[in-house]
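Read off the chains here:
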Amino acid sequence: MKTFEEKWTAWLDDQLSGKELAEFEASLPDKAAAEAEKRDAQKLGALLKEELGAQVMSNEEFFSHQLRERIGRETASQDRYGERSTWWTVRRLAWSGAASLAVFVICAVFVLRDKNPGEQSQYLTQILNARVDPAISPNATISMFETKEDKVTVLWVEGLQSLPADYAAK
Amino acid sequence: METEATLAQVDVSDLELVKQCQASQTEAFDELVARYRTRIFAMIYNMVHNEQDAWDLAQESFVKAWKSIKRFRRDSSFYTWMYRIVMNVTIDWLRKKQIKGAGSEFDDSIQLKEIDPASKTVPKEDPLPHERMERNEIRAKIDNAIGQLSPEHRAVILMKEIEDMQYHEIAETLGCSIGTVMSRLFYARKKLQKLLRDVYENI
């Protein structure tokens with residue numbers, strides 16, 4: 001016991017003995033007042049016991065009968081619910097699985113669709129075409145770029161030994 | 001049949017009956033109900049002060065006990081375990097009622113005065129009218145004073161003063177420490193002494 005309240009309660013209920021009792025009683029500033037309060041608490045206890053302890057239940061047998069019926073009803077409904085809840089769990093699992101799959105597919109489509117524009121946007125230019133005739137110019141590369149923002153197309157030719165006839169400007 | 005079963009159960013301990021309940025024997029539970037229904041009803045009645053509510057809460061407590069009796073490990077007495085359920089149910093109900101603020105808590109005072117003279121709650125020898133009136137007045141004062149305590153303080157003082165339960169039993173029932181029980185008793189007694197001094201000093 002640590003607090004004064006705990007010690008006081010134990011003292012009122014005659015739960016203190018020996019050294020604890022002596023120490024507590026020595027710590028009381030006014031023992032006569034404390035004794036008077038103890039008598040008050042005992043009177044209060046007696047009053048409560050006399051007035052509230054006499055409460056009797058009427059129709060005890062009806063109470064038990066009603067309880068038996070209620071337990072019977074609740075047990076039966078619980079059993080029914082148990083059967084239904086197993087089926088519900090299976091259905092819920094199936095629906096949850098299908099829904100998860102659908103969400104996954106939708107997300108995957110969005111991610112894949114967004115992937116190419118993402119790459120395009122990383123660069124301002126794009127290689128649209130590259131072709132060469134190895135018989136005419138074995139080391140040549142021809143690339144065509146399009147600048148997205150400026151809407152300009154650039155043809156980049158490198159390593160040509162001679163300009164092909166069909167590339168000649170008319 | 002039921003009488004025979006009840007007679008046969010007279011000397012059986014609570015824990016033996018609990019074992020039988022755990023084997024789904026409803027007759028054993030009937031016997032436990034018969035043993036404790038009056039005390040439990042009285043305890044709840046003293047907490048809520050309404051006969052119908054006390055009846056319903058006692059029923060609810062026993063239904064909960066039946067549903068969870070298979071989980072009862074028998075490491076405490078059935079009575080303490082049952083009281084824990086009763087207190088949880090009743091304190092929850094009182095808290096909800098306080099939150100809702102549904103009028104005066106003790107609306108049963110009129111019912112007490114109009115109680116059926118033939119019911120078992122009235123002593124066989126009827127008191128004189130003025131004695132009955134005086135007694136009703138005292139009861140109303142006590143009810144009013146208890147109504148001013150919190151549900152937890154109410155539970156502690158009733159278990160101690162009416163049921164003569166030990167601190168550790170109350171602590172186990174309410175799921176708190178012995179120190180908390182003693183502290184709650186201290187404050188509950190102080191408040192009741194203040195509110196009921198004129199009653200117990202004039203008896």
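Residues numbered from 1 in each chain as written. Chains lettered and ligands numbered in written order. Predicted model: local features only at pLDDT ≥ 70, side-chain atom pairs only at ≥ 80, totals over all residues.

Regarding the overall build of chain A
Rules: For helices the rule is a DSSP run of H or I covering at least 4 residues; for strands it is a run of E covering at least 2, with both sets numbered from the N terminus onward. Any residue with 12 or fewer other C-beta atoms within 10 Å of its own C-beta is exposed, any with 20 or more is buried, and the rest are partly exposed; the C-beta atoms used are placed from the backbone. Any two residues are considered in contact once their C-beta atoms, placed from the backbone, lie within 7 Å.
Assigned secondary structure in chain A consists of 4 helices and 3 strands. Its helices and strands taken in sequence order, chain A reads α-α-α-α-β-β-β from the N to the C terminus. In chain A, which comprises 170 residues, the share counted as buried stands at 9%. Here the contacts in chain A between residues at least 6 apart in sequence split such that 12% fall between residues at least 24 apart.

Here's the deal with the nonpolar core
Residue and element names in this part refer to chain B. Rules: Nonpolar cores are identified as sets of buried Ala, Val, Leu, Ile, Met, Phe, Trp, Tyr and Cys residues joined via C-beta atoms within 7 Å.
Formed by 65 residues in total, the largest nonpolar core has its most connected members in Phe41, Ile44, Met82, Val86 and Val156. The element contributing the most residues to this core is helix 3 (residues 26-48), with 13 residues. What Val86 contacts, discounting residues up to four positions off in sequence, is Ile40, Met43, Ile44 and Ser61.

Considerations on the interface of chain B and chain A
Many authors give the size of an interface as the accessible area that is lost as the parts come together. What counts is decided by this rule: Throughout this entry, Asp, Glu, Lys and Arg are counted as charged residues, while Ala, Val, Leu, Ile, Met, Phe, Trp, Tyr, Cys and Pro are counted as nonpolar. The remaining residues, Gly among them, count as polar.
Facing the 33 residues of chain B at the interface are 31 residues of chain A. Elements with a minimum of two residues in the side of chain B that touches chain A: helix 3, helix 4 (51-68), helix 7 (129-147) and helix 10 (178-201) of chain B. A breakdown of the residues in the side of chain B that touches chain A according to their chemical character gives 19 nonpolar, 8 polar and 6 charged.

A look at the confidence of the model for chain A
Any residue range with low pLDDT should be treated as having predicted coordinates unsuitable for detailed reading. Heads up, the condition is: As a per-residue quantity, pLDDT reports the predictor's confidence and falls between 0 and 100.
Looking at chain A as a whole, the pLDDT averages 79, with 72% of positions reaching at least 70. The least confident element of chain A, judged by mean pLDDT, is strand 1 (residues 127-130) of chain A at 53; the most confident is helix 1 (residues 4-12) of chain A at 94.

What about unusual backbone geometry?
Residues other than glycine seldom take positive phi values, yet A:Asp14 does so here, at roughly 55 degrees. Despite not being glycine, B:Ser24 has its phi angle at roughly 65 degrees, a positive value. Tracing the chain through its elements places B:Ser24 in the loop between helix 2 (14-22) and helix 3. For B:Ser24, a count of 11 C-beta atoms within 10 Å corresponds to the exposed category.

Some remarks on the confidence of the model for chain B
All names here are of chain B. Taken residue by residue, chain B gives an average pLDDT of 84. The fraction at 70 or more is 82%. Mean pLDDT in chain B bottoms out at helix 6 (residues 109-113), which sits at 42, and peaks at helix 8 (residues 151-161), which reaches 95. Overall fold confidence (pTM) sits at 0.66, and the ipTM for the predicted complex is 0.77.

A closer look at helix 5 (residues 78-100) of chain B
Residue and element names in this part refer to chain B. Cut-off, in case you're wondering: A helix is expected to reach a length of 1.5 Å times the quantity of its residues less one.
The end-to-end C-alpha separation of helix 5 is 33 Å, in line with the 33 Å expected for 23 residues at 1.5 Å each. Of the positions making up helix 5, those classed as buried are Phe78, Trp81, Met82, Tyr83, Ile85, Val86, Met87, Val89, Thr90 and Leu94. Of the surrounding elements, those touching the buried residues of helix 5 are helix 2, helix 3, helix 4, helix 8 and helix 9 (167-174).

What about the environment of B:Val48?
Residues and elements named next belong to chain B. Following the sequence through the fold, Val48 ends up in helix 3. Here the alpha-carbon distance between Val48 and Ile91, two residues 43 residues apart in the chain, equals 9.4 Å. Those residues within four positions of Val48 in sequence are excluded, and the remaining contacts are Asp53, Ala54, Leu57, Thr90 and Leu94.

Thoughts on the packing of helix 3 of chain B against helix 4 of chain B
Residues and elements named next belong to chain B. Counted only if it meets this: Note on geometry: axes are C-alpha line fits, over the in-contact stretch for helices, and angles between N-to-C directions span 0 to 180 degrees. Just so you know how the angles are binned, under 35 degrees is roughly parallel, over 145 roughly antiparallel, 65 to 115 roughly perpendicular, and the rest oblique. With the far helix as reference, a near helix turned anticlockwise by less than a right angle produces a left-handed crossing, and one turned clockwise produces a right-handed crossing.
Remark: helix 3 packs on helix 4, axes separated minimally by 9 Å, with the N-to-C direction vectors making an angle of 140 degrees. With respect to helix 4, the element helix 3 is oriented oblique. Between helix 3 and helix 4 the crossing geometry is right-handed. In this structure, helix 3 uses Phe29, Val33, Arg37, Ile40, Phe41, Ile44, Tyr45 and Val48 to contact helix 4, whose residues at the interface are Glu51, Asp53, Ala54, Trp55, Leu57, Ala58, Ser61, Phe62 and Trp66. Tallied by class, residues from the contact of helix 3 with helix 4 come to 13 nonpolar, 1 polar and 3 charged.

What about the packing of helix 3 (residues 31-52) of chain A against helix 7 of chain B?
Relative placement of two packed helices is described by the angle separating their axes and the distance separating the axes. At a minimum axis distance of 11 Å, the contact between helix 3 of chain A and helix 7 of chain B shows a crossing angle of 115 degrees. In terms of orientation, helix 3 of chain A and helix 7 of chain B fall into the roughly perpendicular class. Taken as a pair, helix 3 of chain A and helix 7 of chain B cross one another with a handedness that is left-handed. Residues A:Leu48, A:Glu51 and A:Leu52 of helix 3 of chain A pack against B:Ile138, B:Arg139 and B:Ile142 of helix 7 of chain B. For the contact of helix 3 of chain A with helix 7 of chain B, the per-class residue count stands at 4 nonpolar, no polar and 2 charged.

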